[in-house]
Amino acid sequence: SGVYVTTKLWPLFAGQHLILSIMMWVGIATAFLAALIAFRQRDIKKVLAYSTVSQLGFMFAALGAGAPVAAFFHVVTHACFKALLFLGAGSVIHGMHEKQDLYEMGHLKSHMKFTHMTFLIANLAIIGFPLTAGFFSKDAILMNVAEHSTVAFILLIGAALLTAFYMTRCYSLAFHGEARSKEAEHAHESPLVMTIPLMVLAVLSVFAGWF
């Protein structure tokens with residue numbers, strides 16, 4: 001909502017160079033700090049929660065660089081793949097009999113094939129894999145920040161790399177390796193009422209940035 005309100009009130013911010021500069025650097029710091037915290041989490045939902053904070057940092061960095069369109073674009077694409085990640089996490093927790101600890105998961109790709117596929121798509125989107133929705137919106141943010149400050153651009157690239165690290169860690173701990181608990185050994189796929197929305201959001205996570 002903060003990004004939306006700032007975008008709607010953009011004429012009030014457009015000429016305030018000091019405020020925009022502070023906004024950009026605070027956004028970059030937020031993107032970094034939240035990514036580092038996410039990297040240390042064991043609870044799958046906490047990883048996603050801190051990833052949301054980190055992505056908000058990207059949005060405010062774009063606003064600070066004078067690019068409200070790029071910031072709002074990332075709001076839209078982020079809504080698609082983050083909704084998919086949280087619903088995917090809910091499906092994982094359901095299949096794991098309410099377990100949320102990533103260290104108690106593992107090898108879920110064999111028991112939860114549909115959830116695994118859609119979670120992978122969301123994971124690729126949030127890290128900005130080419131041709132996914134996140135690729136286009138993050139590229140727009142990075143391009144605008146690069147025009148504003150080379151140092152800020154390099155730091156934001158670092159935050160994007162951290163996103164790739166902690167999200168790949170989350171995905172790998174949940175779906176790959178050996179099952180690390182009885183719940184993981186006996187995990188099951190979620191019912192259609194949960195998996196159909198995953199399919200819809202997976203499509204949006206790929207194509208939302210194309211239009």
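Residues numbered from 1 in each chain as written. Predicted model: local features only at pLDDT ≥ 70, side-chain atom pairs only at ≥ 80, totals over all residues. Heavy atoms only, no water.

1. Some points on the environment of L48
Next, step 1: Looking at where L48 falls in the secondary structure, it is placed in helix α4 (residues 44-64).
Next, step 2: The spacing of L48 and I154 is 106 residues in sequence and 24 Å in space, taken between C-alpha atoms.
Next, step 3: If we skip the residues at most four places from it in the chain, L48 touches K82, L85, F86, A89 and M167. (Helix = DSSP H or I, 4+ residues; strand = E, 2+ residues; numbered from the N terminus. Contact = heavy atoms within 4.5 Å.)

2. Observations regarding a nonpolar patch on the surface
Next, step 1: Taken together, the side chains of Y4, V5, L9, L12, F72 and V76 define a hydrophobic patch exposed on the protein surface, amounting to about 530 Å² of accessible area.
Next, step 2: For the nonpolar patch, the secondary structure elements donating two or more residues are α1 (2-8) and α5 (68-95).
Next, step 3: Judged by relative accessible area, F72 falls into the partly exposed class, the value being 32%. (Patch = residues over 30% accessible without salt bridge, like charges linked within 9 Å, V, L, I, M, F, W, Y side chains within 5 Å. Areas by Shrake-Rupley, 256 points an atom, 1.4 Å probe, with all protein chains shown as cover. Salt bridge = Lys/Arg side-chain N within 4 Å of Asp/Glu carboxyl O. Buried < 20%, exposed > 50% of the residue type's maximum accessible area, 1.4 Å probe, protein only.)

3. Brief notes about the packing of α4 against α5
Next, step 1: At a minimum axis distance of 9 Å, the contact between α4 and α5 shows a crossing angle of 175°. By the angle between their axes, α4 is roughly antiparallel relative to α5. Along its contact with α4, which presents I44, K45, L48, A49, S51, T52, Q55, F58, M59, A62 and L63, the element α5 presents P68, A71, H74, V75, H78, K82, L85, F86, A89 and I93.
Next, step 2: Class assignment for the residues of the contact of α4 with α5 results in 14 nonpolar, five polar and two charged. (Axes fitted to C-alpha atoms, helices over the stretch in contact; angles between N-to-C directions. Parallel < 35°, antiparallel > 145°, perpendicular 65-115°, else oblique. Nonpolar A, V, L, I, M, F, W, Y, C, P; charged D, E, K, R; others polar.)

4. Details of the environment of A67
Next, step 1: Within the secondary structure layout, A67 lies in the loop between α4 and α5.
Next, step 2: For A67 and K182, which are 115 residues apart along the polypeptide, the C-alpha to C-alpha distance reads 49 Å.
Next, step 3: If sequence neighbours within four positions are ignored, A67 has contacts with A62 and N144.

5. Focus: the packing of aromatic side chains
Ring pairs (aromatic) are described by centroid distance and by the angle formed between their planes.
Next, step 1: Across all of its chains, the model carries four aromatic pairs by this definition.
Next, step 2: For the ring pair Y4 and F72, a centre distance of 6.1 Å and an interplane angle of 45° mean the geometry is tilted. In this pair, Y4 sits in helix α1 while F72 sits in helix α5, placing the two residues 68 residues apart along the sequence.
Next, step 3: Taking relative accessible area as the criterion, Y4 reaches 43% and is therefore assigned partly exposed.
Next, step 4: Ring centres of F135 and F136 lie 5.3 Å apart, and the angle between their planes is 75°; this geometry places the pair in the edge-to-face category.
Next, step 5: Judged by its relative accessible area of 28%, F135 is partly exposed.
Next, step 6: Among the aromatic side chains, those forming a connected cluster through ring pairs are F119, Y171 and F175. (Phe/Tyr/Trp six-rings, centres within 6.5 Å; stacked < 30°, edge-to-face > 60°.)

6. Quick look at the pattern of salt bridges
Pairing between side chains becomes possible if they bear opposite charge and their charged atoms approach one another.
Next, step 1: Scanning the model with the defined rule gives two salt bridges in all.
Next, step 2: Between K99 and E104 there is a salt bridge, with its nearest N and O atoms 3.4 Å apart.
Next, step 3: You can call E104 partly exposed: its relative accessible area is 24%.

7. Here's the deal with unusual backbone geometry
Next, step 1: For H97, which is not glycine, the phi torsion reads 60° and is therefore positive.
Next, step 2: Here E98, not a glycine, exhibits a phi torsion of approximately 75°, which is positive.
Next, step 3: Along the chain, the position of E98 falls in the loop between α5 and α6 (113-126).
Next, step 4: Accessibility expressed as a relative area gives 57% for E98, which makes it exposed.

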